[in-house]
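Residue-level structure breakdown
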Amino acid sequence: VMAASLPRAEPIDTARLRLTPMDVADVGELFEVLDDVRLHRFTGGRPDTLAELQRRVEGWSSQRSPDGEHAWCNWVIRLDDDIIGTVQATVRARTPADEPAASLGWVVGSDHQGCGYAKEAALGLAGWLKGLGTQRLEATISPGHEASEKVACAAGLRATDEVVDGEIVWRSVESAPDAG
């Protein structure tokens, strides 16, 4: 019953970009964008191999977590017809006790950074989610990652005091807990 209330990724158009649901057919072109150590400067780790990326995208293709409690919505960001990055939303199933919530993520290839594409894609994604009734948005961002902090601010998120796996939790202002 809960899984039925979870969204499925659908195309989202912004002024310059088209976000299309990620598909296994995108893996080759996506690999060319993501196979870049510079993208791991703040997050650590290394780029996926082609086989690892293939498995990851295949896992996401159901758009559901294995337990059915989360929607895994993943898009490729297209500029004209070229893939330049990804955005994602992990949407938690609604329960009677809480409002729907989504964790956002974004990556734009190094060659396309600094042009406002991550901001535009994140705003498009946030607008789509809010249109579905998901008002509580959050993201985790590595300390000092100013570009991602600017994207989060543009999407209406503000830094909290929470830290998860070394990253700061950013949350939508309208859902921030009362400080008083």
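Reading the values: the criteria
Residues numbered from 1 in each chain as written. Predicted model: local features only at pLDDT ≥ 70, side-chain atom pairs only at ≥ 80, totals over all residues. Heavy atoms only, no water. Patch = residues over 30% accessible without salt bridge, like charges linked within 9 Å, V, L, I, M, F, W, Y side chains within 5 Å. Areas by Shrake-Rupley, 256 points an atom, 1.4 Å probe, with all protein chains shown as cover. Salt bridge = Lys/Arg side-chain N within 4 Å of Asp/Glu carboxyl O. Lys, Arg positive; Asp, Glu negative; His and termini not counted. Charge placed at Lys NZ, Arg CZ, Asp CG, Glu CD. Helix = DSSP H or I, 4+ residues; strand = E, 2+ residues; numbered from the N terminus. Buried < 20%, exposed > 50% of the residue type's maximum accessible area, 1.4 Å probe, protein only. Pairing = 2+ DSSP bridges. Core = buried A, V, L, I, M, F, W, Y, C linked by side-chain atoms within 4.5 Å. Contact = heavy atoms within 4.5 Å. pLDDT = per-residue confidence, 0-100. Axes fitted to C-alpha atoms, helices over the stretch in contact; angles between N-to-C directions. Phe/Tyr/Trp six-rings, centres within 6.5 Å; stacked < 30°, edge-to-face > 60°. Parallel < 35°, antiparallel > 145°, perpendicular 65-115°, else oblique. Left-handed = near helix turned anticlockwise from the far one by under 90°. Nonpolar A, V, L, I, M, F, W, Y, C, P; charged D, E, K, R; others polar.

Taken together, the side chains of Glu 29, Glu 32, Asp 80, Asp 81 and Asp 82 make up a negatively charged region of the molecular surface. For Glu 32, the location among the structural elements is in helix α1 (residues 27–34). Take Glu 32: its relative accessible area is 65%, and that puts it in the exposed class.

Pairing of strand β3 (residues 70–79) with strand β4 (residues 82–92), which is carried by 10 bridges, proceeds in the antiparallel orientation. Each residue of the ladder has a partner; that of His 70, found in β4, is Arg 92. Between the antiparallel neighbours β3 and β4 lie 2 residues, among them Asp 80 with a positive phi of about 60°. When β4 meets strand β5 (residues 101–108), the two strands line up antiparallel, connected through 8 bridges.

A separate point is the pattern of salt bridges. Counted according to the given criterion, the structure contains 10 salt bridges. Here Glu 120 makes a salt bridge to Arg 16, at a shortest N to O gap of 2.6 Å. Of this pair, Glu 120 sits in helix α3 (residues 117–131) while Arg 16 sits in the loop between β1 (12–13) and β2 (17–21), and the two are 104 residues apart along the sequence. The class of Glu 120 is buried, set by a relative accessible area of 13%. Ionic contacts of the salt-bridge type, sharing partners, join the residues Arg 92, Arg 136, Glu 138, Glu 162 and Arg 171 into one network.

Below, the discussion takes up the nonpolar core. Grouped together as the largest cluster of nonpolar side chains are 34 residues, with contacts concentrated most on Trp 75, Ile 77, Val 87, Leu 104, Trp 106, Leu 125 and Leu 129. Contributions of two or more residues to this core are made by β2, β3, β4, β5, α3, β6 (136–141) and α4 (146–154). Residue contributions to this core peak at 8 residues, all from α3. Setting aside its immediate chain neighbours within four residues, Leu 125 contacts Ile 12, Leu 19, Trp 75, Val 87, Gln 88, Ala 89 and Leu 104. Formed by 9 residues, the second largest nonpolar core is a distinct cluster that contains Met 22, Leu 30, Val 33 and Ile 83.

Right, let's talk about the confidence of the model for the chain for a bit. Confidence in the prediction of the chain, expressed as mean pLDDT, is 90, and 91% of residues score 70 or more. In this model, residues 175–180 is a region of pLDDT below 50 whose contacts with residues beyond four sequence positions or in other chains number 2 contacts.

Bringing the sheet that holds β6 into the picture now. Read from one edge to the other, the open sheet built from 8 strands follows the order β1-β2-β3-β4-β5-β6-β8-β7, with strand pairing classed as mixed. Two strands close off the open sheet at either side, each with one partner strand: β1 and β7 (157–164). Two strands pair when backbone bridges link them, and β7 and strand β8 (residues 167–172) are joined in this way by 5 bridges, in the antiparallel orientation. In the strand pairing of β8, Val 164 is matched with Glu 167. Here α1 sits on the sheet and contacts β3, β4 and β5; the angle it forms with β4, its principal contact strand, is near 95°.

Tallied over the full model, the rule gives 1 aromatic pair. Taking 5.2 Å as the distance between ring centres and 80° as the angle between the ring planes, the aromatic pair formed by Trp 75 and Trp 128 counts as edge-to-face. On the criterion of sequence distance, the pair formed by Trp 75 in strand β3 and Trp 128 in helix α3 is long-range, its members being 53 residues apart. The exposure class of Trp 75 is buried, given its relative accessible area of 0%.

Moving on: the packing of α1 against helix α2 (residues 50–60). One can describe the packing of α1 onto α2 by two numbers: an axis separation of 10 Å at closest approach and a directional angle of 120°. One element, α1, and the other, α2, form an angle in the oblique class. Taken as a pair, α1 and α2 cross one another with a handedness that is right-handed. Listed contacts from α2 to Val 27, Leu 30, Phe 31 and Leu 34 of α1 are Leu 50, Leu 53, Gln 54 and Val 57. For the contact of α1 with α2, a count of residues per class yields 7 nonpolar, 1 polar and no charged.

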